Amino acid sequence: GGGDGGGGGGGRGLTHAHLVSTASGERRRLAIAAAFVAIGHEPNTALFAGQIELRSDKYVNMNSSGRSTRTSVPGIFACGDVADPTYRQAVTSAGSGAAAALDAERWLSETGVAD
C-alpha cells in the first residue's frame, strides 16, 4: 500500500510486511514485492440444505465416480467455491463453471430433454 503504514514505500508499491507470530507474539519485518491474501472461507450453501446433499464441511457432495460436477439430484450440477474445498479461487471457479455447463449439456442430451 501507499505511505508506510502497511508496508508501503511512499508510492513504490509493496516493499515489506509486518509479521506477528500467533504462537509466540514475536514480531518481524519481511521484505516482499507482492502478496496474495487468503481470508478464510465457508461455502455459502445454506440455501441448498435439504435440497441437495451437502458434506459435513458444508460443501456440495459431488457424489459421482471420477471428475464430475453432478450432485445428489439428477440435473443439478455444482461448481466453484461451493464445490471445491481445496482451491476455492476465482480462476478455479470459472473453470469448474465451464465443466458444470458441459456436464449439464451432456445430461440434457442423455435424458432427451428438448432444447
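Please read all numbers here as calculations on a predicted model, not as lab measurements.

Requested: an account of the overall build of the protein, with residues and values cited.
What the protein contains, in helices and strands, is one helix and two strands. Taken over 115 residues, the protein has a buried fraction of 20%. Within the protein, counting contacts between residues at least 6 apart in sequence, those at least 24 apart form 22% of the total. Split by element, the accessible area of the protein, about 8100 Å² in all, is 55% carbon and sulfur.

Pulling in residues and values, what's your account of the environment of Glu26?
Mapped onto the fold, Glu26 is located in the loop between β1 (16-20) and β2 (27-31). Apart from the residues within four sequence positions on either side, Glu26 is in contact with Leu19, Val20 and Ser21.

Summarise the pairing of β2; cite the residues concerned and give the values.
Both faces of the sheet carry side chains from a regular strand, because those side chains alternate between them. Sparse coverage of β2 is indicated by the burial of zero of its five residues. Looking at chain direction, β1 and β2 are connected through five bridges and run antiparallel. Bridging across to β2, His18 finds its partner in Arg29. The antiparallel pairing of β1 with β2 creates a hairpin that spans six residues between the two strands, and Gly25 there sits at a positive phi of about 85°.

Any details on the confidence of the model for the protein? Residues and values, ideally.
Caution is warranted with low-pLDDT regions, since their predicted coordinates should not be read in detail. Residue-level pLDDT values for the protein average 80, and 77% of them are 70 or greater. Highest mean pLDDT in the protein belongs to β2 (95); lowest belongs to helix α1 (residues 90-111) (82). With pLDDT under 50 throughout, residues 1-5 is counted as low confidence; its partners more than four residues away or in other chains account for nine contacts.

An account of the nonpolar core is needed here, citing residue identities and associated values.
One recurring pattern in soluble globular proteins: nonpolar side chains tend to sit buried together. Among the nonpolar cores identified, the biggest contains five residues, and these are Ile52, Val60, Ala78, Val82 and Ala83. Excluding residues that lie within four positions of it along the chain, Ala83 makes contacts with Tyr59, Met62 and Ala78.

Kindly report on the pattern of salt bridges, identifying the contributing residues and their values.
When their charged atoms lie close together, side chains carrying opposite charge are able to pair. Overall, the coordinates contain four salt bridges when judged by the stated rule. One salt bridge connects Asp57 with Arg55, and the closest N-O pair in it is separated by 2.5 Å. For Asp57, a relative accessible area of 32% translates into the label partly exposed. Classification of Arg55 as partly exposed rests on a relative accessible area of 37%.

What counts, and where the lines are drawn
Residues numbered from 1 in each chain as written. Predicted model: local features only at pLDDT ≥ 70, side-chain atom pairs only at ≥ 80, totals over all residues. Heavy atoms only, no water. Helix = DSSP H or I, 4+ residues; strand = E, 2+ residues; numbered from the N terminus. Buried < 20%, exposed > 50% of the residue type's maximum accessible area, 1.4 Å probe, protein only. Contact = heavy atoms within 4.5 Å. Areas by Shrake-Rupley, 256 points an atom, 1.4 Å probe, with all protein chains shown as cover. Pairing = 2+ DSSP bridges. pLDDT = per-residue confidence, 0-100. Core = buried A, V, L, I, M, F, W, Y, C linked by side-chain atoms within 4.5 Å. Salt bridge = Lys/Arg side-chain N within 4 Å of Asp/Glu carboxyl O.

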